[in-house]
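Here is how the chains run, residue by residue.
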Amino acid sequence: MITLEHVTKVYDNVRVLDDINIQFKKGTVNVIIGPSGSGKSTLLRTINYLAEPEKGQVFIHDELVDASPKRLRKARKAVGMVFQDFHLFSHKNVLENCMLAQINVLNRAKDEAKKVALKHLKAVHMESFVTRRVDTLSGGQKQRVAIARALSMNPEVLLLDEPTSALDPETVGEVLEAIRTIAKKGMTLILATHEMAFARAIADRTIFMDAGKVVEDRNGATIFETPHHERTCAFLSRFTKTA
Amino acid sequence: MIVQLSVFNTMRAMLENNASLWLYGLRTTLLLAFVGTVVGLLLALVLVVMKIQTPRRDAHFMKRILVRLVRRTSILYVGFFRGTPMMVQAMLLYYGLQSLGLGIPVFTAGLVVVSLNTAAYLTEVLRAGLAALHKGQKEAALALGMSPYATYRLVLFPQALKNMVPAIGNELVVNLKDTAVLSVIGVTEMFYMGRRIGSARYQFTESFIIVSLLYLLVVNIAVWLLGKLTNMRTRRASIPRSDSGVMT
Ligand SMILES: Nc1ncnc2c1ncn2[C@@H]1O[C@H](COP(=O)(O)OP(=O)(O)OP(=O)(O)O)[C@@H](O)[C@H]1O
Ligand SMILES: [Mg+2]
């Protein structure tokens, strides 16, 4: 379980996150939607402290996260992250990408790390690419490797920051499929996305953010059928129009 | 024609009569350049680590001062060695140590100067190389739970160093040539030998044609080897992409 209390993040005198109070329950799929610049990425990044909030606290299992190396390490072991632009290690091949942190952070033996990595690469159908350099992969393949890399650390929670936004349309499906599989296995997911149809299909809970605030926070995907808030309506209508 | 022939003959005699001196000079130049570049690179790694230190916001006041001092030292070091000629540095180091009663052999002094100089230059290259890496690489490593130290050691430095190979090669070539200035303190490298052998009968034209040819030879061999190395890397980087295994 992840708890954010009064989390406030300021960039250039702007409150990018403005007093966020929220809890994410174990085993749930949490989808965050909202316009560009509303603070979705920043919210995810405060959870693993890639962005340190100016005010407020983050708890993982009732344990405070802060900038001390020990607690940071603990938090980041528990929370995996998948980025919009993959950020695979460009000097390592597919398999090595999934092994590096296992060996360095979890002190796993090489053989074990390899076994775990292969298991997760297989789950995203990337097992036949293990020796490939990552810059020779397509976007969808890169993102599936990034997912396998994060899962190889056996996190309890996975943060996904617009995992399909940098992809060619024809490879979006394969990544969404991989995420769907993870969700079915009961992993706690916090997903920021502009893929409304997918959000609707997968969400146990949907959060609409705007200007650094949680505007609407609803169970399931009901937000898409009966948005309560005016701004949510306006935001969603843009998607239904274009869809 | 006769003049040209006599130059040629003089050069041949010069080479034959002083073969061991030429080889010694060549060896000294190669040693200074190669060892100096390698040691300089290792020092640059230390210096760049010093330079990129940033104190944590909540760090103790004394620690923050210390971190700033370490950073400053590195910046001053780079500034000094890039801001003064290597020739001057050689004089300062060699005679400076001597006047302190800490005389060291000229070769050692020369090697130290080349290394320190290379370190200053490569520190800047490495820092720029680190800055050019996408910040996502660092974030990905941190997000996986790696410490800042491990992030630099396992992710950022290897990538920056890989991109630096041409710059390191360039520095090696520069060192092959610029070690000539170390003759000022009496290091017996190729320039020194050229002057010494030429001075026996005041035949500097001949001796320095030989010196030039020797420099051209080693510099071009180095350039050729470095080219091969770079090609090998780029060829490995561009394995043709196959689309087998793509899920639809
Ligand atoms: N490192 C930073 N420095 C300065 N400003 C930042 C930084 N990161 C984010 N911001 C600002 O914070 C605001 C929120 O950014 P954030 O990336 O969280 O939005 P988002 O909801 O993820 O948007 P998008 O849908 O475009 O990804 C934006 O105005 C952005 O410019
Ligand atoms: Mg974002």
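Residues numbered from 1 in each chain as written. Chains lettered and ligands numbered in written order. Predicted model: local features only at pLDDT ≥ 70, side-chain atom pairs only at ≥ 80, totals over all residues. Heavy atoms only, no water.

Trainee: Give a description of the interface of chain B and chain A that names residues and reports values.
Mentor: Listed per partner, the contact involves 30 residues of chain B and 37 residues of chain A. Between chain B and chain A, roughly 2,800 Å² of surface is buried when both sides are summed, and carbon and sulfur atoms account for 56% of that area. Our count for the contact surface shared by chain B and chain A stands at one salt bridge. Here chain B is connected to chain A by five residue pairs in polar contact (both at pLDDT 80 or more). Of all the secondary-structure elements, those providing two or more residues to the side of chain B that touches chain A are helix 6 (135-143), helix 7 (148-178) and helix 9 (204-237) of chain B. For the side of chain B that touches chain A, the residue count by class is 14 nonpolar, nine polar and seven charged. (Contact = heavy atoms within 4.5 Å. Buried area = accessible area lost by both parts, 1.4 Å probe. Salt bridge = Lys/Arg side-chain N within 4 Å of Asp/Glu carboxyl O. Polar contact = N/O pair within 3.5 Å; in protein donor to acceptor, adjacent residues only side chain to side chain. Helix = DSSP H or I, 4+ residues; strand = E, 2+ residues; numbered from the N terminus. Nonpolar A, V, L, I, M, F, W, Y, C, P; charged D, E, K, R; others polar.)

Trainee: Any details on the pattern of salt bridges? Residues and values, ideally.
Mentor: Tallying each qualifying case throughout the model produces 16 salt bridges over all chains. We note a salt bridge from Glu139(B) to Arg45(A), for which the minimum N-O separation is 2.8 Å. Taken together, the residues Glu139(B) in helix 6 and Arg45(A) in helix 1 (residues 40-47) connect one chain to another. Taking the relative accessible area as the measure of exposure, Glu139(B) reaches 11% and is therefore buried. Given the relative accessible area of 15%, Arg45(A) is considered buried. The residue Asp66(A) makes a salt bridge to Arg71(A) at a minimum N-O spacing of 3.1 Å. What emerges from the salt-bridge pattern is a single network uniting Arg15(A), Asp18(A) and Lys213(A). (Buried < 20%, exposed > 50% of the residue type's maximum accessible area, 1.4 Å probe, protein only.)

Trainee: With reference to specific residues and values, describe the packing of helix 6 of chain B against helix 7 of chain B.
Mentor: Residues and elements named next belong to chain B. Helix 7 packs onto helix 6 with a crossing angle of 145° between their chain directions and a minimal axis gap of 9 Å. As helix 6 packs across helix 7, the resulting crossing turns out to be right-handed. Between helix 6 and helix 7, the contacting residues are Gln137, Lys138, Ala141 and Leu142 on the first element and Pro148, Thr151, Tyr152, Val155, Leu156 and Gln159 on the second. In the contact of helix 6 with helix 7, the residues fall into six nonpolar, three polar and one charged. (Axes fitted to C-alpha atoms, helices over the stretch in contact; angles between N-to-C directions. Left-handed = near helix turned anticlockwise from the far one by under 90°.)

Trainee: Break down helix 6 (residues 169-184) of chain A for me, with residues and values.
Mentor: All names here are of chain A. Counted at 1.5 Å a residue, the expected span for helix 6 with its 16 residues is 22 Å, and the 24 Å between its end C-alpha atoms agrees. Those residues of helix 6 that sit buried are Thr171, Val172, Glu174, Val175, Leu176, Ala178, Ile179, Ile182 and Ala183. On its buried face, helix 6 sits against strand 3 (29-33), helix 5 (139-151), strand 7 (157-161), strand 8 (188-192) and helix 7 (196-202). Trailing helix 6 by a residue or two, Gly186 shows a phi angle of about 95°, which is positive. (Expected span 1.5 Å × (residues − 1).)

Trainee: Give a detailed account of the nonpolar core, specifying residues and quantitative values.
Mentor: Generally speaking, soluble globular proteins have nonpolar side chains that are buried together. By size, the foremost hydrophobic cluster in this structure holds 55 residues, and its most contacted members are Ile2(A), Leu4(A), Ile190(A) and Met146(B). In terms of residue count, the dominant contributor to this core is helix 7 of chain B (eight residues). Contact partners of Leu4(A), with chain neighbours within four places excluded, come to Ile20(A), Asn21(A), Ile22(A), Phe24(A), Leu43(A), Thr46(A), Ile47(A), Gln57(A) and Val58(A). Leu88(A), Met99(A), Val175(A) and Ala183(A) belong to the second largest nonpolar core, which has 50 residues in total. (Core = buried A, V, L, I, M, F, W, Y, C linked by side-chain atoms within 4.5 Å.)

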